[in-house]
Amino acid sequence: MEPLGDWRRTHWSSEITPALDGTTVTVCGWVHRIRDLGRLVFIVLRDREGVVQITIPKDKVPEHTFEKAKKLIREDVIAVRGKVRFYEKAPNNVEIIANEIRILNKVSPPLPLDPAGDVDADLDTRLNARIIDLRRPQTFAIFRINHIVLQSIREFLTNEGFIEVNTPKIIATATEGGTALFPVSYFGRQAFLAQSPQLYKEELTAALEKVFEIGPVFRAEEHNTTRHLCELVMVDLECAFATADDVMNILERLIAHVFREVKSKCSKELKILNREDLEVPGTPFPRYTYTQVLELLREHGIEIPWGEDLPTPALRKLGEILKGPYFITEWPTESKPFYIKPKDEDPKVSESFDFMWGWLELASGGTRIHNKELLIKRLKEQGLNPKSFEYHLRVFDWGMPPHAGWGLGLARLLMVICNVRNIRECVLFPRDKSRLVP
RNA sequence: GCCCCGGUGGUGUAGCCCGGUUAGCAUGCGGGCCUGUCGAGCCCGCGACCCGGGUUCAAAUCCCGGCCGGGGCGCCA
């Protein structure tokens, strides 16, 4: 092992082009491949942006450089200083003739998987060695796209007048009932990990009016599927003086914006993922009421009693019928959480929506109740105790505006964009019932 | 939690149905040859049957249990 010293990268591998012929450069990265021909050694050096060939001819480089090159194995960390050479026989017509190599760190073999991708590995093996897995272009592409998705969401919502906020993830009581919570010990007191920023973001509309949060939520459900995790990142939005229709409109324009940005900024990544067919969806997205969806399913032989949630096989059938993005609106009030507003003219139906992509639910939202008495009534109807919500409910005495919002699962959106089947592919270090490490 | 399928060198696999070979292949790692490779090539070597019990002269192979994994479903404001 040698120190980095005063060496700093002058170019990413992808920036080494024939136009730099004759220039001395310093590149840093990992030994991707070695082609040792005896007195001529080729090192393929890989960094985040790609690969570049380092050429070490015995009779043209210092003796110690040649000796070091001979000792390298795959994934050793090196820095190389040398002269760029335009050469037709080299990959991409360019290579670096190494003058000096610094071996910054050695690998301790065997590696748990092959970053060069010559040998396949199971998802489980890949997740157990996620850092190595992330060196594969296919894996990294997903998270580069994730970055652009996050960036474009922030850009769009900021332009729409929303303010990004952060709400507590350690909370005192069960916020909404429903999903199971992870208990934590908070200096001897019982606390929980937040399942949703729902109540906080609603309260914030009474001051900041238009807010969004991108953050983790925690759900202690023992589900075992390709679309559920116990820790997930939600994009949550809440908007004062607005209804479900208004926030659906924001959501569909946001989705189109995200797709547009990914398509224009991630063409390389989409190509790696075989997703060059990605299309920016046209707005507005189709809207179907819950009742219309039941009718549609009935036409395809699936009978679901009005009022019940849609089971997975029904969703899959729906995904065959409706391929792209769409909304399911006007869900039965009973099947939605207590804070969702029932329709004034027909309280059995709520001003709610799910945002779907094929069979996959990406987001849900609706108009919220801002009337305290109605909210208390709905709490009781859902079997919840209003006393547990007193800190939340008192805000409704302080001038709560009418408001609406939604929550969008970030990784599920990424699944759609990248066309991957398992949500674990779209989370760096996924947490599910059985996986707590790494 | 339920159902189905699976578990063989570090990784990915063949063999299992129909029990008996030195458990095959690829990749990797170690050694050797090689000055234009580009998933370099060639030669030599290293390294594996998830755990426990049962059946049998004999188990990677058949049976039972456990653990782990994959898929489906359930659960999922």
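Peer 1: Explain the sheet that holds strand 7 (residues 170–171) to me, using residue names and the numbers behind them.
Peer 2: The sheet built from 3 strands is open, its strands ordered 7-9-8 with antiparallel pairing. The strands lining the two open edges of the sheet, one partner per strand, are strand 7 and strand 8 (183–186). Summarising the sheet, strand 8 and strand 9 (residues 189–193) pair through 4 bridges and their orientation is antiparallel. The residue bridging tyrosine 186 from the neighbouring strand is arginine 189, located in strand 9.

Peer 1: Which residues make up the protein's contact with RNA strand B, and what are the values?
Peer 2: If you check the shell around RNA strand B, you find 52 residues, and the closest are Arg35, Arg39, Arg219, His228 and Pro337. The protein-proximal atoms of RNA strand B, defined as those within 4 Å of the protein, are 56% sugar or phosphate. Here aspartate 59 contributes a side-chain N or O atom positioned 2.4 Å from a base oxygen of RNA strand B. In the environment of RNA strand B, a sugar or linking oxygen lies 3.4 Å from a nitrogen or oxygen atom belonging to the side chain of tyrosine 339. When residues of the surface near RNA strand B are traced back to their parent elements, those giving at least two are strand 1 (24–36), strand 2 (40–47), helix 2 (123–128) and helix 9 (312–321). Residue composition of the surface near RNA strand B, by class: 17 nonpolar, 16 polar and 19 charged.

Peer 1: Give me helix 9: which residues, what numbers.
Peer 2: Looking only at helix 9, the buried set comprises Ala314, Leu315, Leu318 and Gly319. An end-on view of helix 9 places all buried positions within 145 degrees of arc, on one side of the element. Next to the buried residues of helix 9 lie helix 8 (290–299), strand 13 (325–329) and strand 14 (352–357).

Peer 1: Outline the nonpolar core, supporting the account with residue identities and numerical values.
Peer 2: Here is a general trend for soluble globular proteins: nonpolar side chains tend to be buried in one another's company. Of all hydrophobic cores here, the largest spans 56 residues; its most connected members are Ile145, Val149, Val262, Trp406 and Ile417. For this core, the elements supplying multiple residues, two or more each, are helix 4 (137–159), strand 10 (210–218), strand 11 (231–240), helix 6 (244–265), strand 14, strand 15 (360–367), strand 16 (403–409) and helix 12 (410–418). Leaving out residues up to four positions away in the same chain, valine 262 has contacts with Ile145, Ile148, Val149, Ser267, Leu270, Leu278 and Ile417. Residues Ile16, Ile56, Ile96 and Ile101 belong to the second largest nonpolar core, which totals 24 residues.

Peer 1: Explain the domain arrangement of chain A to me, and be specific about the residues and the numbers.
Peer 2: According to the domain assignment, chain A contains domain 1 (13–105) and domain 2 (132–426). Each of domain 1 and domain 2 has a C-alpha centre, and these two points are 48 Å apart. Residue-level contacts link 5 residues of domain 1 with 4 residues of domain 2. Counting each side, the surface lost to burial between domain 1 and domain 2 is near 420 Å², with a carbon and sulfur contribution of 36%.

Peer 1: Please give an account of helix 1 (residues 63–71) that cites residues and values.
Peer 2: Turning to helix 1, its buried residues are Thr65, Phe66, Lys68 and Ala69. The arc enclosing the buried residues of helix 1, seen along the axis, measures out at 160 degrees, which places them on a common side. Check the buried side of helix 1 and you find it contacts strand 2, strand 3 (50–57) and strand 5 (94–105).

Peer 1: So, the packing of helix 4 against helix 12: which residues are in play, and what are the values?
Peer 2: Two elements in contact, helix 4 and helix 12, have axes whose closest approach is 10 Å; the angle formed by their N-to-C orientations is 120 degrees. Between helix 4 and helix 12, the angle is such that the two are oblique. The interaxial crossing formed by helix 4 with helix 12 has right-handed handedness. Listed contacts from helix 12 to Ile142, Ile145, Asn146, Val149, Leu150 and Ile153 of helix 4 are Leu410, Leu413, Leu414, Ile417 and Cys418.

Peer 1: Describe the pattern of salt bridges, naming the residues involved and giving the relevant values.
Peer 2: Enumeration according to the criterion identifies 41 salt bridges in this entry. Here glutamate 222 ties to lysine 433 by a salt bridge, and the two come within 3.4 Å at their closest N and O atoms. Of this pair, glutamate 222 sits in the loop between strand 10 and strand 11 while lysine 433 is found in the segment after helix 12, placing the two residues 211 residues apart along the sequence. Side by side, glutamate 222 and lysine 433 carry an identical accessibility label, which is exposed. Residues joined by salt bridges that share partners form a network here, namely Arg126, Arg130, Asp133, Arg136 and Glu425.

The rules behind these values
- Residues numbered from 1 in each chain as written.
- Chains lettered and ligands numbered in written order.
- Predicted model: local features only at pLDDT ≥ 70, side-chain atom pairs only at ≥ 80, totals over all residues.
- Heavy atoms only, no water.
- Pairing = 2+ DSSP bridges.
- Helix = DSSP H or I, 4+ residues; strand = E, 2+ residues; numbered from the N terminus.
- Near = heavy atom within 4 Å.
- Polar contact = N/O pair within 3.5 Å; in protein donor to acceptor, adjacent residues only side chain to side chain.
- Nonpolar A, V, L, I, M, F, W, Y, C, P; charged D, E, K, R; others polar.
- Buried < 20%, exposed > 50% of the residue type's maximum accessible area, 1.4 Å probe, protein only.
- Arc of directions from axis to C-beta.
- Contact = heavy atoms within 4.5 Å.
- Core = buried A, V, L, I, M, F, W, Y, C linked by side-chain atoms within 4.5 Å.
- Domains from an automatic or database assignment.
- Buried area = accessible area lost by both parts, 1.4 Å probe.
- Axes fitted to C-alpha atoms, helices over the stretch in contact; angles between N-to-C directions.
- Parallel < 35°, antiparallel > 145°, perpendicular 65-115°, else oblique.
- Left-handed = near helix turned anticlockwise from the far one by under 90°.
- Salt bridge = Lys/Arg side-chain N within 4 Å of Asp/Glu carboxyl O.

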